[in-house]
Amino acid sequence: MPHRTVNLHLVSDSTGETLNSIARATLARFEDHHVVHHRWSLIRSRLQLDRVLEGLDHEPGPVLFTLVDKSLRLALEEACMRLGVPCLSVLDQVVELLQGQLGARAREKRAAQHVMDADYFRRIDAMHYVLAHDDGQGTAGIHEADVCLVGVSRSSKTPTCFYLANRGIKAANVPIVPNSELPPELADSPCPVVGLTIETKALIEIRRHRLRLIGADGVRQDTNDYVDHDSVKAEILAARRLCNQHGWPVIDVTRRSIEETAATVLQLMEAWHARRGAAAEHAPADPAAAVLSGGTA
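Residues numbered from 1 in each chain as written. Predicted model: local features only at pLDDT ≥ 70, side-chain atom pairs only at ≥ 80, totals over all residues. Heavy atoms only, no water.

1. Overview of the sheet that holds strand E6 (residues 171–175)
Then step 1. As summarised here, the arrangement of the 4 strands in space is E6-E5-E7-E8, forming an open sheet in which the pairing is parallel. In this open sheet, the two strands that pair with only one neighbour each are E6 and strand E8 (250–252). The average angle at which neighbouring strand axes cross in this sheet is 25°, direction not considered.
Then step 2. Across 5 bridges, strand E5 (residues 147–151) lies against E6 in parallel orientation. Its bridge partner being in E6, Val150 is matched across the sheet by Val174.
Then step 3. Helix-sheet contacts for helix H6 (residues 157–165) involve E5, E6 and strand E7 (193–197), and the interaxial angle to E6 is about 175°. (Pairing = 2+ DSSP bridges. Helix = DSSP H or I, 4+ residues; strand = E, 2+ residues; numbered from the N terminus. Axes fitted to C-alpha atoms, helices over the stretch in contact; angles between N-to-C directions. Contact = heavy atoms within 4.5 Å.)

Given below as structure tokens:
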């Protein structure tokens, strides 16, 4: 099939994050095609929509939109019909399905997912937590964490923690450093601990790039354990061995995006809590409890 260039217009009355995510996930399945994104966010008035229509008229192409205002939707759909370009409201089918299941009409409320509610402040609180507990800082606060990530330096612990924080997850991260002890708080952690690992070659490339960024080009890379192949390989193996000793699950992040790593962490968290819940249900009754409550053993 010949190479094609397509103009894709993403029109939203909010930040456009939903449309960006849908477009990115969908276009990842198409190869050898060039798509030019035209992002139109915070479109909430007819004047703002007119700018969109001018852009659409100049560079026509398919339109994905999330507009709540009926008059704006109608104007956009009419313009697309006139230009002969496809137009799709990406949330309509989902809303209709849920309306049928819930037996209630959806409110016509734009940017409802971005309101400053308890969930919003929970995400902000999680972000502050990650900042305060990044790279082994504030280990005394690990008891407040929802999850703790451990791994060698530059194994994507920090970006994964920030991604999780955006989901409202308080994630601490602790580096596994050669010849250094882990903080005692991890010995009997009240939250799941997950190890991150990475292939030797990939880690060395990341670390070399890091050295260049911080202006360490003059470092002898053949004598620096930080990027020496044998030293890095031994460091990774020791870290995996440590995780196995503690029974911590390990995720190989070599070919995973941050989103994929975070999704796997969330799955492991759910499994950890499920095991804890099952163990609590099957725990033998404490005979002293009946005595303390005034009953009989």
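2. Focus: helix H3 (residues 70–83)
Each full turn of the α-helix corresponds to 3.6 residues, which orients residues three or four apart in the same direction.
Then step 1. Along its 14 residues, H3 runs 20 Å from first to last C-alpha, staying within 8% of the 20 Å computed at 1.5 Å per residue.
Then step 2. Within the span of H3, buried status applies to Leu72, Arg73, Ala75, Leu76, Ala79 and Cys80. Along H3, the residues classed as buried sweep out an arc of 165° about the axis, all on the same side. In H3, the exposed positions that point more than 90 degrees away from the buried face belong to Lys70, Met81 and Arg82. (Expected span 1.5 Å × (residues − 1). Buried < 20%, exposed > 50% of the residue type's maximum accessible area, 1.4 Å probe, protein only. Arc of directions from axis to C-beta.)

3. A look at the sheet that holds strand E2 (residues 34–40)
Then step 1. Strand order across the open sheet formed by 4 strands is E2-E1-E3-E4, with parallel pairing between neighbours. Looking at strand neighbours, the two that pair on one side only are E2 and strand E4 (87–89), the edges of this open sheet. Between one strand axis and the next, the sheet turns by 20° as a mean value, whatever way the strands run.
Then step 2. Pairing analysis gives 4 bridges linking strand E1 (residues 5–12) to strand E3 (residues 63–66), with the strands arranged parallel. The partner of Val11 across the bridge, within E3, is Phe65.
Then step 3. Along the sheet face, helix H1 (residues 17–27) touches E1, E2 and E3 and points at about 150° away from the line of E1.
Then step 4. The strands that H3 touches are E1, E3 and E4; relative to E3, the one it contacts most, it runs at about 175°.

Honestly, that's just the spatial picture; any functional story needs more than this.
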